[in-house]
Amino acid sequence: MTLDYLIIGAGPAGLQLAALLERDGRDYLVLEAGPAPGTFFRTYPRHRTLISINKVWTGSEDPEFNLRADWNSLLSDDESLLFKHYSRRYFPHADDLVRYLGDFAARLALRIRYDTRVSRIAFADGLFDVDGLAARRVVVATGVSQLHVPPIPGAELAERYDTVSVDPEDFTNQRVLVIGKGNSAFETADALVETAAVIHVAGPHAIRLAWQTHYVGHLRAVNNNFLDTYQLKSQNAVLDGTVERIERRAEGGFRIDFRYARTVERLRRLEYDRIILATGFRFDASIFDGSARPRLVIDDRFPEQTPAFESVNVPGLYFAGTLTQQRDFKKSTNGFIHGFRYGVRALHRILGVRHHGAPWPSVAVEPSPDGIADAIIARINRTSALWQQFAVLADVVLPDGTYYEEVPVAFLRDGGLGEVPLAFVTTLEYGPDHDTVDPFDITIPRIAENDAAAAHDASYLHPVVRVHRGADVVAEHHLAENLENHWDLPAVHQEPLSLFVKGILADAG
């Protein structure tokens, strides 16, 4: 028997794709190494507090709008499968997500084979061989499951984020070095501030704070209490530079050679009782033999993908979930559930277009300037997909009133919807330099709220409507910023957009 789809991994992305395939009656099977869904989240994050928010009360009863503040739910038609029924905590416990994923798989009767670790994926004669199972297409949804170990001489002497003790009492009165400057590193450091004597967090790059960059994978406030203990001189420090070598001391503990990034001093020798690697994760490509091995990028941490989430060098090999952040690395949200749930839905639609003769879903709107403008305004005031996947997903409206939702911009430009002579393409975006300005510095001027004339200079999240002629962008219209993200003021938002659309349609004849 040859399957149409073989999904590797029953984490959130694998479950999301399986649910969509199940709904549409497709032929698929999910293989999961663990005994139940969400194996990764049974271990991570190590200190068990998720950084994905769960804002239950929004003041709205619109389920689409409410998903903007719900970063853990998967997409389904079952209202009981919303994460708010599993936790009311703003930053939930990871065990609640594991419980939710198990119920999601069971309630929707997804076809999953557990305790099945894939060891070999091969490709020949247009088919994949996955440990003896044949499939026309394989979708890898394993996430970044392998700890990234930097090439530091002596790194093997350090403890690892994935196995180090999470009991703070095990570090009482010790000097601890945490290598890494991401959430896992600061999560670890925060957990030790009450017991460790000294904690240093080290890495070669500047700390990037999510509240400034708007990238939710950068350091989150929930993990950065350690910065207070550094700046307020509490025996802790953030070291900017590189660990050149790790050595074991004869009398116990470790010695490192450290090169500072911001000074010209020589190598500094520092001593610690414990050293912990918290340097992020990478894709495990060891399951592929040479015939199916995808090309890797970004220091070989991710598989390189086309705008259709397909391997650039292995046809029929697709990726879902965290792995798709290669397409928007550290810019948008494909690395997280609240982003990739929409990326997975886009992948499902791409597979439908390519392999099942299913057109991209669309609705018809009034094909007039006011009709098109009103439809765009209505969507941007409630959509969660464009809100979460800013600058990545777009709504596409044709002059005849055909309205396509949630199309990957790169897929559209690549001709994924076929020939599109003229289209209005709407995204939500930040300004180009939004991540270089301290948003709390009141000495830095910004444009006034609801200033339609200055909308193109907006730095905060706002709608952008571009006119595409084929692969070219020929015109662009920005809607003014609004404090509460309500882009529905007639004179400020709707009327200028309608005039813009009218002008484009008139020029098109």
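This text follows the structure it describes.
The structure contained in this document is the topic of the report that follows. (Residues numbered from 1 in each chain as written. Predicted model: local features only at pLDDT ≥ 70, side-chain atom pairs only at ≥ 80, totals over all residues. Heavy atoms only, no water.)

Quick word on the sheet that holds strand β23 (residues 462-469)
Right, on to step 1. Sheet architecture is open: 6 strands sit in the order β19-β21-β20-β22-β23-β24, paired in antiparallel fashion. Looking at which strands have only one partner, the edges of the open sheet turn out to be β19 (362-364) and β24 (472-478). Geometrically, the sheet is characterised by an average inter-axis angle of 25° between neighbouring strands, direction not taken into account.
Right, on to step 2. As paired strands, β23 and β24 are joined by 6 bridges and run antiparallel to one another. Bridging across to β24, His 468 finds its partner in Val 473.
Right, on to step 3. Contacts from helix α7 (residues 337-355) reach β20 (393-397) and β21 (402-408) within the one sheet, and its direction differs from that of β21 by about 120°.
Right, on to step 4. Packed onto the sheet, helix α11 (residues 490-508) meets β22 (423-429), β23 and β24 and runs at close to 155° relative to β24. (Pairing = 2+ DSSP bridges. Helix = DSSP H or I, 4+ residues; strand = E, 2+ residues; numbered from the N terminus. Axes fitted to C-alpha atoms, helices over the stretch in contact; angles between N-to-C directions. Contact = heavy atoms within 4.5 Å.)

Quick word on the packing of helix α1 (residues 12-23) against helix α3 (residues 94-107)
Right, on to step 1. In the contact formed by α1 and α3, the axes pass within 11 Å of each other and the chain directions differ by 20°. Comparing the axis directions of α1 and α3 gives the class roughly parallel. As for how α1 packs across α3, the hand of that crossing is left-handed. Across the interface between the two elements, Pro 12, Leu 15 and Ala 19 from α1 touch Leu 101, Phe 104 and Ala 105 from α3.
Right, on to step 2. In terms of residue class, the contact of α1 with α3 is made up of 6 nonpolar, no polar and no charged. (Parallel < 35°, antiparallel > 145°, perpendicular 65-115°, else oblique. Left-handed = near helix turned anticlockwise from the far one by under 90°. Nonpolar A, V, L, I, M, F, W, Y, C, P; charged D, E, K, R; others polar.)

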